[in-house]
Amino acid sequence: MPINWFPGHMNSTRQAIKDRVKAGLDVVIELLDARLPGSSSNPLLAALTTGRPALKVLNKQDLADPAVTADWLAHYNAQPHTRAIPLDAGDKSPARAIVKACRELAPQRGDMHKPLRVLICGIPNVGKSTLINTLVGRKAAKTGDEPGITKIEQKIVLENGFYLFDTPGMLWPRIGIEQSGYHLAASGAIGRNAFDEAEVALELIAVLKRRYPDRLQERYGLAELGAEDAVLEAIGLKRGAKIRGGAVQMHKAAEALLVDYRQGLLGRITLETPAEMAAWRRAAAED
Ligand code: G4P
């Protein structure tokens, strides 16, 4: 069953982005999850900021497959008025790469008289609060599970003549493609009650079997990989997710796999490639 998640309206976010465009906006930063760049992008942002140069920051690159991250970077860098950079929370001075890329995108701005005005947006859990905290060097934005704390636009002066604006409200993920729903759920970006963990785990196993079979085998000591449900059952057996009588509790097995994946314990894994994403979008448009 496809995942449908409508956590709340985005009217306030939409308005905040519109207000920023009106007040002056030179570059839009979209924070993406490097494990699922296509699925973690929200087309609303592009629609509201048309004509503005875009910087795609592929965050959490430490959890993503470096070869596929390179493909995504090339994909975005080939688009007009667009730059893409990889990043993760381990980078202690992320401002350097961000400032450099934004200055290249809008070379006409960036002094005291004409400051460079940059907006940063991203869906929940993509790491925006963590990044902003590092940028300002103190606990300015709250991190953690509970999204939607910031109520007013925050302005961060990264350098003389360089203003970074953080929108209030939430840019929720948009699930227009079935596969994106599974990827967002597997990554931890959407509410836990909105999906069936076993179903998401089976989809994750399908991706892993196709692209990273050795990781599954190594992590769970599986000599061979059968059908997805058999793999999930085998994971459950290894994790002691059995009930009296010997049957495996599939939701427990699923939870174990999802936690391992989110923590990077299966290694650096990317769930989608630019080519796959393009094919899913084409198929969705034809429906
Ligand atoms: P948000 O504001 O976009 O909603 O995201 P936030 O910064 O709260 O980050 C969501 C989770 O992702 C946090 O983990 C955070 O530590 C983690 N995270 C952020 N950036 C990176 C990164 O580059 N690499 C990795 N591996 N993780 C990152 P959490 O478990 O929810 O909280 P906590 O463990 O930090 O307390």
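The following paragraphs examine the structure supplied in this document. Treat the numbers as computed from the prediction; the structure is a model and nothing was measured. (Residues numbered from 1 in each chain as written. Predicted model: local features only at pLDDT ≥ 70, side-chain atom pairs only at ≥ 80, totals over all residues.)

## Some remarks on the sheet that holds strand E3 (residues 82–86)
Note: strands within a sheet are paired through backbone hydrogen bonds, in either parallel or antiparallel orientation. Spelled out, the test is: In this scheme, strands are said to pair when DSSP sees at least two bridges between them. Numbering goes from the N terminus for both helices and strands, where a helix is a DSSP run of H or I of at least four residues and a strand is a run of E of at least two. Lines fitted to C-alpha atoms define the axes here, with helix axes fitted over just the stretch in contact, and angles between the N-to-C directions of these axes take values from 0 to 180 degrees. Contacts are defined on C-beta atoms placed from the backbone: any two residues whose C-beta positions lie within 7 Å are in contact.
With mixed pairing, the 6 strands of this open sheet are ordered in space as E3-E2-E1-E4-E6-E5. Strands at the two margins of the open sheet, each flanked by one partner only, are E3 and strand E5 (154–159). Taken pair by pair, the neighbouring strands of this sheet meet at an average axis angle of 25°, ignoring direction. Relative to E3, strand E2 (residues 54–59) is paired through 5 bridges, and the arrangement is parallel. Paired with Lys56 across the two strands is Ala84, which belongs to E3. Across the sheet, helix H3 (residues 66–77) lies against E2 and E3, angled at about 160° from E3, the strand it touches most. Against the sheet, helix H5 (residues 128–136) touches strand E1 (27–33), E2, strand E4 (116–121), E5 and strand E6 (162–166), its axis set at about 50° to E5.

## Observations regarding unusual backbone geometry
Operational definition: Buried, partly exposed and exposed are defined by the number of other C-beta atoms within 10 Å of a residue's own C-beta, namely 20 or more, between the two limits, and 12 or fewer respectively, with C-beta atoms placed from the backbone.
You will see that Lys60, though not glycine, has its phi angle at about 60°, which is positive. In this structure Lys60 comes out as buried when scored by C-beta crowding, with 23 C-beta atoms within 10 Å. Phi angles above zero are rare outside glycine, and Asn125 is one such case at about 75°. Mapping Asn125 onto the fold places it in the loop between E4 and H5.

## Quick word on the packing of helix H9 (residues 228–238) against helix H10 (residues 250–262)
How we decide: Relative orientations are named as follows: roughly parallel for angles under 35 degrees, roughly antiparallel for angles over 145 degrees, roughly perpendicular for angles from 65 to 115 degrees, and oblique for any other angle. Polarity classes work like this: nonpolar for Ala, Val, Leu, Ile, Met, Phe, Trp, Tyr, Cys and Pro, charged for Asp, Glu, Lys and Arg, and polar for all others, with Gly in that last group.
Relative orientation of the contacting elements H9 and H10 amounts to 85°, with a least axis distance of 8 Å. The orientation of H9 with respect to H10, classified from their angle, is roughly perpendicular. The residues of H10 that touch H9, namely those facing Leu232, Glu233, Ile235 and Gly236, are Met250, Lys252, Ala253, Ala254, Ala256 and Leu257. Along the lines of polarity and charge, the residues of the contact of H9 with H10 split into 7 nonpolar, 1 polar and 2 charged.

## Some thoughts on the environment of Leu119
Mapping Leu119 onto the fold places it in strand E4. Between the alpha carbons of Leu119 and Ile29 there is a distance of 5.9 Å; along the sequence they are 90 residues apart. For Leu119, the contacting residues outside a window of four places in its chain are Arg20, Leu25, Val28, Ile29, Phe165 and Thr167.

## Focus on H5
For clarity, the cut-off: Directions are taken from the helix axis to each C-beta atom, and the arc is the one they span.
Regarding H5, the residues found buried are Lys128, Ser129, Leu131 and Ile132. For H5, the angular spread of buried residues about the axis comes to 160°, placing them on one side. Of the residues one or two after H5, Gly137 is the one with positive phi, at around 70°.

So, to be careful, I would describe these as geometric facts and stop short of saying anything about function.
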